[in-house]
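Given next are the chains, with one letter for each unit.
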Amino acid sequence: THSFARVVRASSKGSRALFADMGFLHESEPLSWDQALDSLRLVREHGIEQFLAVFHRCQHIEGDSFKWGDEVEHGIFSLVGGADDVYRSVRVALRSPEVLAELRAVEGRVEELAKASHAERSGFTCTPCTWMPEYGRWMLESTPGHPFEGVEGTAQLEANMKLRRARLAAALQPGEIAPTVTSMPLFGVPGFCEPHREPNGPVTESLFVPDEVIFPHPRFPTLTKNIRLRRSSRVEIRRPRFEAAEALSKLGKDAPIPASQAEADALDHVYADAMAFGMGNCCLQVTMQASSLSESRYLYDQLAPLTPIMLALTAATPFMRGWICDDDTRWGQLAQSVDDRTPAERSSVASSSTGGGDERLAGRGVRPLPKSRYDSIDCYIGEGPEAAENNDVPLVLDEEHVGRLVEGGVDEALARHIAHLFARDPLVLFGDRLHLDDEHDIDHWENLQSTNWQTLRWKPPPPHKGALSSSDEGHIGWRVEFRSMEVQITDFENAAFSSFIVLLSRTILESKLNLYIPMSKVERNMKVAQGREACTSERFWFRTNISAGEGAEAEQIATSDMEPVALMTVSEILMGKGPFPGLIPLCHRHLEAADYEPATRKLLREYLAFIARRAEGKVLTAATWMRSFVLNHEAYQQDGRVPPAAAHDLMIAAAEIGEGQRPCPELVGDVVRLLPCEFPTPTETEVAAQGAAVAQPWLLRPRAGTFPCCSQAAGVNKTEAPSSAQMMMIA
């Protein structure tokens, strides 16, 4: 959700190209917060100039193809004890730097093999993947090595996700697992990491989390420390305990801040105090390239009302710090974990107690900011009148930024969006990257753009890539990133929800749908979406008259006899209510009208049927299923805590379900997805042995058989377990 380093992807024609943000992990020592303070204004001002340079260079792009890609975030966990061990547990394994290095070496060999002339003759399918670091030292991010082309690309997605899962599994040590879950339930409980480290380090000063859980690149601990220093305290994260939601709602501004773990556990809600509790959650994201600047802005706006709906549908975070929570998602936890606002900014009225504040900070550090920098979007950016009419949430911004952007040729609506991003301060500065060429460098623009973590992100092209012809392999255009979804346990679910966003986006664009609702209602929906079982128990504001097209199709979609914006359940939004047709039937209509392959249509219908069942409650969200798993576990003591044995068994179950070893109809119905059990042919093996560098057969496709990382490995003696190389060769 939260990548600070963006992926290098490849174009569909095969050559490497950047197809995401231009954020990067600069290799030098960041400035301390005290050193950075004098340069914050410079970064804000020059970031505006850098955006203008990109805008002028790339605003005339037209006719880009619809390319897209997904991002899946993974966590690596270490099992403690065997299946019958009463003291069994699970820990986060602080090994992602080593695993990342191994996976990148694998991808290098895949690329070499793909380039070998005899590989093509032998019929190899050498599919590359891309691996990037994430915030936690137990986390990493995977993406396809090439962006997918059009809706037809959804036919490749699930297999690609399986391939990434298989390659990651092959890089694990005995007793390690990597289920696709948002977080490990015991994160923050004493002894939760392997190797063990003590909390209360100088970066986080956390009661629960050691600094060593942060990925070792200096950007990450610097970001963590600077958030704490800017706000003048540790972050405060609070979630409701299971069946005690009212306690949190009664907390005022002076909520108690515990001084020990015991004091924290004595509260009537779940408390945490470090960025890792938020940025340590895994998510699922989709980035799509629009045909033009105008289309990217339209698509951004139309997807905005869908962000809370998809959050509710994918809810998967029922635990925090070993407690069972009474809400279902990571979103509020994340927002609180990176909340760098000063006490005055967190107030609802401007403060004069600081004597005018600090001139070096945005808004002098005393201007009220209603939200954390990680939250839902605050405005539409479209060019039409409906965007302005529905922008009913006041924006915090500097008018001089708006004026400079308008003077530079940006229209008012877009200028206000950009200026709103720059109402925040940059958090990590590098001394050797301060004085840059604003016509060609974009560090300062990306510094603010990439640390406003919102439900959607509108992405201008990298200037050197956007300036290329649309027919050039390396060209990158205007993109929209959908960011609200939680990662799911199975590749089927992750592929279904990603494909739905892709298909719905094409339906919106082709049918010229109008999904605008007041932005204040989008914000209300985001709060509702986080509640327990919101997917089936809550109602959301949604537009009923969604046609902006012309002719017979527009007449069929129009619903003038309903209120223009009405409260509906997720199921009604997806499947329809009265004359309102529902989004899934509109997707079916698009499938019928478009010239897609029959196999693609069949697969997408299967995904749509699954999503409809999820909305109806016929299959459970991961949050509901996991909470039920713990509540019904034999070790549960009826005290609201997740027992270590239950966490151990739950993570094993999630890993086995994700790998296709264990059916789970409660989550996916009767869908069965097993990893392919294809061994390389003798010819393939022979050619691989003769190919570039090292080319093990397992590099070529998802591994065969099963990988003994779950039930069998839980109690295995590491001295008797297969080596990493042996596990890789299982395929």
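Treat the numbers as computed from the prediction; the structure is a model and nothing was measured. Residue positions are given per chain, counting from 1 as you read along its sequence in written order. Two thresholds apply to this predicted model, a pLDDT of at least 70 for residue-level local features and 80 or more for giving and counting side-chain atom pairs, whereas whole-chain, interface and lining totals are computed over all residues. With hydrogens and water excluded, all non-hydrogen atoms of the structure serve as input to the side-chain values.

Student: Go over the overall build of the protein chain, please, and point to the residues and values.
Tutor: Runs of H or I in DSSP of at least four residues are treated as helices and runs of E of at least two as strands, each being numbered from the N terminus. When its secondary structure is counted, the protein chain shows 31 helices and 21 strands. Relative accessibility under 20% of the residue-type maximum defines a buried residue, over 50% an exposed one, and the middle range a partly exposed one, all with a 1.4 Å probe and only protein chains included. The buried share of the protein chain, taken over its 731 residues, is 63%. Only heavy atoms matter for contacts: two residues are in contact if any of them lie within 4.5 Å across the pair. Contacts in the protein chain between residues far apart in sequence, at least 24 positions, make up 77% of those at least 6 positions apart. As presented, the protein chain carries roughly 25600 Å² of accessible surface, and 51% of it is formed by carbon and sulfur atoms. Surface accessibility in these figures is a Shrake-Rupley result with a 1.4 Å probe; residues are shielded only by whichever protein chains are displayed.

Student: Tell me what's going on with the nonpolar core, and back it up with residues and numbers.
Tutor: Across soluble globular proteins, you tend to see nonpolar side chains buried next to one another. To qualify as a nonpolar core, a set must consist of buried Ala, Val, Leu, Ile, Met, Phe, Trp, Tyr and Cys residues joined through side-chain atoms within 4.5 Å. Counting residues in each nonpolar core, the largest one holds 198 residues, and the members touching the most others are Leu 313 and Trp 458. The element best represented in this core is helix H19 (residues 491-511), accounting for 11 residues. In this structure Leu 313 touches Phe 497, Cys 535, Val 570, Leu 574, Ile 611, Arg 614, Ala 615 and Thr 621, once residues within four positions along its chain are discounted.

Student: Could you give an account of the packing of helix H10 (residues 293-303) against H19, naming the residues involved and the relevant values?
Tutor: Here the axes come from fitting lines to C-alpha atoms, over the contacting stretch only for helices, and the angles between their N-to-C directions go from 0 to 180 degrees. Relative to each other, H10 and H19 sit at 115 degrees, their axes nearing to 11 Å. When the axes of H10 and H19 are compared, the crossing they make is right-handed. Contacts from Glu 295, Tyr 298, Leu 299, Gln 302 and Leu 303 in H10 reach Ser 505, Arg 506, Ile 508 and Leu 509 in H19. In the contact of H10 with H19, the residues fall into 5 nonpolar, 2 polar and 2 charged. Two helices crossing with the near one rotated counterclockwise from the far one by less than a right angle form a left-handed crossing, whereas a clockwise rotation gives a right-handed crossing. Here the nonpolar group is Ala, Val, Leu, Ile, Met, Phe, Trp, Tyr, Cys and Pro; Asp, Glu, Lys and Arg are the charged ones; every other residue, Gly included, is treated as polar.

Student: How would you summarise the sheet that holds strand E9 (residues 176-177) if you had to cite specific residues and measurements?
Tutor: In short, DSSP must find at least two bridges between two strands for them to pair. What the 4 strands build is an open sheet, ordered E9-E4-E5-E10; its pairing is mixed. Only two strands of the sheet have a single partner each, and these edge strands are E9 and strand E10 (193-194). Both strand E5 (residues 89-93) and E10 contribute to a ladder of 2 bridges, which runs parallel. The residue bridging Ala 93 from the neighbouring strand is Glu 194, located in E10. The strands touched by helix H27 (residues 644-658) within the sheet are strand E4 (77-80), E5 and E9, with E5 carrying the most contacts at an inclination of about 65 degrees.

Student: For helix H2 (residues 40-58), give the residues involved together with the corresponding values.
Tutor: Think of an α-helix as turning once every 3.6 residues; residues three or four places apart then point the same way. One less than the residue count of a helix, multiplied by 1.5 Å, gives the span that helix is expected to have. Spanning 19 residues, H2 covers 27 Å between terminal C-alpha atoms, matching the ideal 27 Å at 1.5 Å per step. Considered for burial, the residues of H2 that qualify are Leu 40, Val 43, Arg 44, Gly 47, Ile 48, Gln 50, Phe 51, Leu 52, Ala 53, Val 54, Phe 55 and Cys 58.

Student: Outline the pattern of salt bridges, listing residues and values.
Tutor: Salt bridge, as used here: a side-chain nitrogen of Lys or Arg that lies within 4 Å of a carboxyl oxygen of Asp or Glu. For the structure shown, the criterion picks out 47 salt bridges. Residues Glu 399 and Arg 416 are paired through a salt bridge, measuring 4.0 Å at the closest nitrogen-oxygen approach. With Glu 399 in helix H15 (residues 399-407) and Arg 416 in helix H16 (residues 412-421), the pair connects residues that are 17 residues apart, well separated along the chain. Taken together, the shared-partner salt bridges connect Arg 44, Arg 230, Asp 340, Glu 345, Arg 373 and Asp 425 into one network.

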